[in-house]
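Close look at the chain arrangement
Okay, here's what each chain looks like letter by letter:
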Amino acid sequence: MSTIMASTSDAAAFYATFQRLKADTADALSHNAPDAAPKLAALRAALAAARPTLPSYDQRSYDTQVRDLETKLAASRADKPKSRFAFKRAPPTGASASAPASASSSRAHSASPASPASPVPPSSAPTPTPTPTPPATTYTLSAHRNRTLTPSDYAGVGSYTLTLSDLADCVVDLRASPGLTSLHARDMRRCVLLAPIMAGSAMLSDMHECAVALGAQQFRLHDSADCALLLHTASMPVVERACKTLTG
């Protein structure tokens, strides 16, 4: 447990360091400052040093942000104008200047006026039809007492989000829910909540005397008390305004 707490503390401390270095680098890039590249190098070095203490999800997030800054740096370098050297031709003097002038004048008088070009109609390219995005599906289980609730109680189809509310003395077993991607729960009393590892987030609030076991990319609990949590998360769980809560 002490190793986990130390790793979590290190990851939280590095988050503040990373944000500070990232802000300095972004500011230098926005002003095309000459120290933008050294600041970006310092950010990379800090991330490399802290990588062993970071969860894999946080590592991927930091790598993506660093790559974005590298792309901006490369673009700023490409946009800088390159100086070009060219020989200047000296203006003609004396008789040599008068001869070309008279020749060009005679050509101007003899040339017939050009007829105006007919306008070219704009090409009528077909406008692509946007592909409609299917609406997100959300199911709700609410106002139950002394029951065992399973996916058969809401018949979820495909990928969906489930909302739980106003439940007391219930066992909510969602482990056989392959389509469950996100979970929202509030106002639950003396309940057991079991959920599979989800691709999205789990947001819980107003939970009292509950036992929760689930997996998610992100977990958040607030305004709760007397709960036991067994979590599998890709990022650090967030627990706010919760007392007498055990986490494992």
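Scroll up to find the structure this text is about.
Here's what I pulled together on the structure shown here. (Residues numbered from 1 in each chain as written. Predicted model: local features only at pLDDT ≥ 70, side-chain atom pairs only at ≥ 80, totals over all residues. Heavy atoms only, no water.)

1. Things to note about the overall build of the protein
For the protein, the helix and strand inventory stands at four helices and 10 strands. Reading the protein from its N end, one meets helices and strands in the order α-α-α-α-β-β-β-β-β-β-β-β-β-β. Counting all 248 residues of the protein, 29% fall into the buried class. Restricting the contact set of the protein to residue pairs at least 6 apart, pairs at least 24 apart contribute 20%. Accessible surface, the protein: about 16,100 Å² in total, of which carbon and sulfur atoms supply 58%. (Helix = DSSP H or I, 4+ residues; strand = E, 2+ residues; numbered from the N terminus. Buried < 20%, exposed > 50% of the residue type's maximum accessible area, 1.4 Å probe, protein only. Contact = heavy atoms within 4.5 Å. Areas by Shrake-Rupley, 256 points an atom, 1.4 Å probe, with all protein chains shown as cover.)

2. Let's talk about the packing of aromatic side chains
As enumerated under the stated definition, the model contains four aromatic pairs in all. Ring centres 5.9 Å apart and planes at 50° place the aromatic pair F14 and F18 in the tilted group. Taken together, the residues span about one helical turn, with F14 and F18 both in helix α1 (residues 2-30) at a distance of four residues. Using a relative accessible area of 8% as the deciding quantity, one classes F14 as buried. Where Y139 meets Y160, the ring centres are 5.2 Å apart and the plane angle is 85°; that geometry is what we call edge-to-face. Pair noted here: Y139 is in strand β1 (residues 138-145) and Y160 is in strand β3 (residues 160-168), with a separation of 21 residues, a long-range link. Taken together, the aromatic side chains of F14, F18 and Y62 make up a single cluster linked through ring pairs. (Phe/Tyr/Trp six-rings, centres within 6.5 Å; stacked < 30°, edge-to-face > 60°.)

3. Some points on the side chain of Q59
Mapping Q59 onto the fold places it in helix α3 (residues 56-79). Side-chain polar atoms of Q59 contact the backbone oxygen of R51, separated by 3.1 Å. If we ignore the near neighbours within four places in the chain, the residues touching Q59 are R51 and L54. (Polar contact = N/O pair within 3.5 Å; in protein donor to acceptor, adjacent residues only side chain to side chain.)

4. Considerations on the pairing of strand β9 (residues 218-233)
Pairing geometry for strand β7 (residues 201-208) and β9, over six bridges, is parallel. Across the sheet, the residue bridging to A202 is F219, located in β9. Bridge count between strand β8 (residues 211-216) and β9: six bridges; the pairing is parallel. The residue of β9 that forms the bridge with A216 is T233. As defined by bridge partners, β9 adjoins strand β10 (residues 238-247) across eight bridges and the pair is classed as parallel. Pairing of R220 across the sheet is with V238, part of β10. (Pairing = 2+ DSSP bridges.)

5. Notes on the environment of L193
Along the chain, L193 falls in strand β6 (residues 192-197). In sequence terms L193 and A211 are 18 residues apart; their C-alpha atoms lie 6.2 Å from each other. Ignoring sequence-local partners within four residues, the contact set of L193 consists of L164, V172, L174, L183, L204, A211, V212 and A213.

6. Here's the deal with the pattern of salt bridges
Under the defined criterion, the tally for this structure stands at 11 salt bridges. One salt bridge connects D35 with K39, and the closest N-O pair in it is separated by 3.4 Å. Here the salt bridges do not stand alone but share partners, grouping D187, R189 and D206 into one network. (Salt bridge = Lys/Arg side-chain N within 4 Å of Asp/Glu carboxyl O.)

7. Regarding the state of the cysteines
Counted under the stated rule, the structure contains zero disulfides. No disulfide involves C170; its sulfur sits 4.9 Å from that of C191, the nearest cysteine. (Disulfide = S-S within 2.5 Å.)

8. As for the packing of helix α2 (residues 36-50) against α3
Relative orientation of the contacting elements α2 and α3 amounts to 165°, with a least axis distance of 11 Å. It follows from the interaxial angle that α2 and α3 lie roughly antiparallel. Crossing geometry of α2 relative to α3 is assigned as left-handed. Here A36, A37, L40, L43, R44 and L47 of α2 come into contact with α3, specifically with Y62, D63, V66, L69, E70, L73 and R77. Considered class by class, the residues forming the contact of α2 with α3 number nine nonpolar, no polar and four charged. (Axes fitted to C-alpha atoms, helices over the stretch in contact; angles between N-to-C directions. Parallel < 35°, antiparallel > 145°, perpendicular 65-115°, else oblique. Left-handed = near helix turned anticlockwise from the far one by under 90°. Nonpolar A, V, L, I, M, F, W, Y, C, P; charged D, E, K, R; others polar.)

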